[in-house]
Amino acid sequence: MRTDPADNGGLFVGRRPGTAPVHFRSLPQRGSERRRRIDGSFANLLLAAIVALSVLCWGPIPLACLWLGSEADYLSGSVGLGILVAFVGLFGLLFGALSLLRRLDQAWILVRRAAGHDQRTGVLPRVFGATAAVCAVVFAVWFLVIHGPGSSTISGGRSSL
Amino acid sequence: MGLLDYYKQFEAMSEEEVNAGLREEAAERKRKALTRLDTLDLSHTTWPELPHPRVVNAITFVARRGLHRYPHLRGSELRIELAERHGVEPSQLILGNGAAELLSSATRALMEPGQQLLTTWPSYPLYPLMARRAHGQAVPVSGDVDALLEAAAREPNVRVVAVASPNDPTGELLSTAELARLLDGLPGDVAVLLDEALVEFADAQPPSASLELLESHPRLLVFRSFSKAWGLAGLRVGYAIGGPGATELLAELEPDLGVSEVSQAGALEALRSCSELIDLRVATIHEERPRVIAGLRELGHEVGDSQANFVWTAHPVLDGGELAAALAQAGVLVAAGDALGEPRHVRIALRSRAASDRLLRAVAAVA
């Protein structure tokens, strides 16, 4: 049994990859214990905002864009214009939301550090992935269980039975 | 500090920024390494270069062959080689663990307690010490052969005269004519121990000149060393040469258990394969010595005519210790004279042309 931490077969002779400490331009002046607690709560608020905004990306924003497209179609009588409005709105809102999410994630990292945590990476990839999974499950339940697959206008669906 | 500034201070540096800082630090380290000047040590009279690989190989070979044996007591092979080199019979030459040990042995063999040893001063600090070890008394004499002869006539119980030629630290050479005058002028029972550890560096007369007097002066013993020009101080090999009538005395000086076989092998290989290297070293000293002496004199120093691998110099204002300290500040180490018998002077060893140039620049900066 190896007990010597230096006995590593020549691997990782220096620091292991990805474990570099955070380098600051100057040593940060940390706040009081109370301020750190407040920062911890602030970080949680930011995390909640990130989660909410991520959820918006997977349902409400696409739905809103579809609604905008349908309104444009109704008002102009042009399906093409409706599709265009829907896509432009979707891309604009999604990229805007992603940009805002990234800023929120950066802010969350700083506030977490201010709260006294050794925060090296952001939370956005995990939150975005998790909300995507949750929304996919919700959509699947709605689609397969609540609404049911098939067209509501063409016969053969559950509504026609 | 504003709210935003408070949080901005927790912003990490990007990888590019960190790497740029590291590159800057590395460049700074490199610049410092390139501009760093190693200390130039001119305080020792031994040769600074590492021994020739052939010498090291010979020592290694002998060491592997058998350190479990006692060495050949008379060091026959090295002894014969040295005798042939100096044109004397092997019985006239003995090996020792350095010339210093042989000089001490000779003093003990020659002097009775209470007897006196004359030596010029300043000179090799071992001479007074070896007189004390022989329970005798050292009588330092300032001056030349005349002063020695006067002291020998004045002092009641002189038994030994120890003279270094070239003298350490002054670098003065005792010419053959002066040596002959000294030998002829001394009382009949006084022996002369001539320390020629630095004689290879002299160019005023051939290194073998003093050996010509051995035949006619049985009270003369000449001591040579592998420590200086040969650059093998760590081996501790020296030898003494006497006249045909000095065989019994020489036998008394020999180390009881001889000289280490390893040391003999190194010295023998040096004799056989490093002669050209020694000639180059000596030629370097012959070139640099007049340059350094002239350069120091131009700067107002009082410098004697040296025949050794060093110069003995006095600053017009500073004493030896102050000059040595000032030169040490400039990265040049020299030997202060207070430990060598004359506090006003410093002893500066000679090396390459680059070393001489750096020394003269440092001395000029002090001046």
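Chemist: Report on the overall build of chain B, specifying residues and quantitative values.
Modeler: A count of helices and strands for chain B gives 13 helices and 12 strands. Here chain B holds 367 residues, and the buried ones make up 51% of them. Considering only contacts in chain B between residues 6 or more positions apart, those separated by 24 or more positions represent 73%. Total accessible area on chain B stands at roughly 17300 Å², and carbon and sulfur atoms take up 53% of it.

Chemist: Account for the sheet that holds strand β3 (residues 116–120) of chain B, naming residues and giving values.
Modeler: Residue and element names in this part refer to chain B. The seven strands are arranged β2-β8-β7-β6-β5-β3-β4 in an open sheet whose pairing can be described as mixed. Pairing within the sheet leaves two strands with one partner each, and these edge strands are β2 (93–96) and β4 (137–141). The mean inter-strand angle of the sheet, taken between neighbouring strand axes irrespective of direction, is 20°. As paired elements, β2 and strand β8 (residues 238–242) share four bridges and run antiparallel to each other. If you follow L93 over to β8, its bridge partner there is I241. In the packing of helix α8 (residues 176–185) onto the sheet, contacts are made with β5 (158–164), β6 (191–195) and β7 (220–225), and the angle to β6 comes to roughly 155°.

Chemist: Lay out the interface of chain B and chain A with the relevant residues and their values.
Modeler: Contacts between chain B and chain A engage 11 residues on the former and 16 residues on the latter. Overall, the association of chain B and chain A removes approximately 1300 Å² of surface from exposure, summing both partners, and the carbon and sulfur fraction of that is 56%. Viewed at the interface, chain A and chain B are joined by one salt bridge. Across the salt bridge formed by R25(A) and E17(B), the nearest N and O atoms sit 2.7 Å from each other. For the pair chain B and chain A, the interface holds six residue pairs in polar contact (both at pLDDT 80 or more). Where the side of chain B that touches chain A is concerned, the elements lending two or more residues are α1 (3–8) and α2 (15–35) of chain B.

Chemist: Help me get a handle on the environment of G96(B), residues and values and all.
Modeler: Relative to the helices and strands, G96(B) resides in strand β2. Beyond its immediate chain neighbours, meaning those up to four positions away, G96(B) contacts E101(B), L102(B), R236(B), V237(B), G238(B), P255(B) and V259(B).

Chemist: Would you mind going over the pairing of β6(B) in detail, with residue names and values included?
Modeler: Within a regular beta strand, the side chains point alternately toward one face of the sheet and then the other, so they alternate between its two faces. All names here are of chain B. A large share of β6 lies buried, amounting to five of its five residues. Here β6 shows no split at all, with A191, L193 and D195 on one side and V192 and L194 on the other all buried. Taken together, the five bridges between β5 and β6 define a ladder with parallel strand orientation. What sits directly across from A162, in β6, is L193. The parallel pair β5 and β6, bridged by α8, forms a crossover whose chirality is right-handed.

Chemist: Could you give me a rundown of the pairing of strand β12 (residues 345–349) of chain B, with the residues and numbers involved?
Modeler: All names here are of chain B. The buried fraction of β12 amounts to five of the five residues, a majority that puts the element mostly inside the structure. The alternating pattern of β12 places H345, R347 and A349 on one face and V346 and I348 on the opposite face, and all of these are buried. Both strand β10 (residues 310–314) and β12 contribute to a ladder of five bridges, which runs antiparallel. In the sheet register, T313 faces β12, and the bridge partner there is V346. Looking at chain direction, strand β11 (residues 332–336) and β12 are connected through two bridges and run antiparallel. For A335, the partnering residue across the bridge sits in β12 and is R347.

So, how was this worked out
Residues numbered from 1 in each chain as written. Chains lettered and ligands numbered in written order. Predicted model: local features only at pLDDT ≥ 70, side-chain atom pairs only at ≥ 80, totals over all residues. Heavy atoms only, no water. Helix = DSSP H or I, 4+ residues; strand = E, 2+ residues; numbered from the N terminus. Buried < 20%, exposed > 50% of the residue type's maximum accessible area, 1.4 Å probe, protein only. Contact = heavy atoms within 4.5 Å. Areas by Shrake-Rupley, 256 points an atom, 1.4 Å probe, with all protein chains shown as cover. Pairing = 2+ DSSP bridges. Axes fitted to C-alpha atoms, helices over the stretch in contact; angles between N-to-C directions. Buried area = accessible area lost by both parts, 1.4 Å probe. Salt bridge = Lys/Arg side-chain N within 4 Å of Asp/Glu carboxyl O. Polar contact = N/O pair within 3.5 Å; in protein donor to acceptor, adjacent residues only side chain to side chain. Right-handed = clockwise from strand over helix to strand, strands pointing away.

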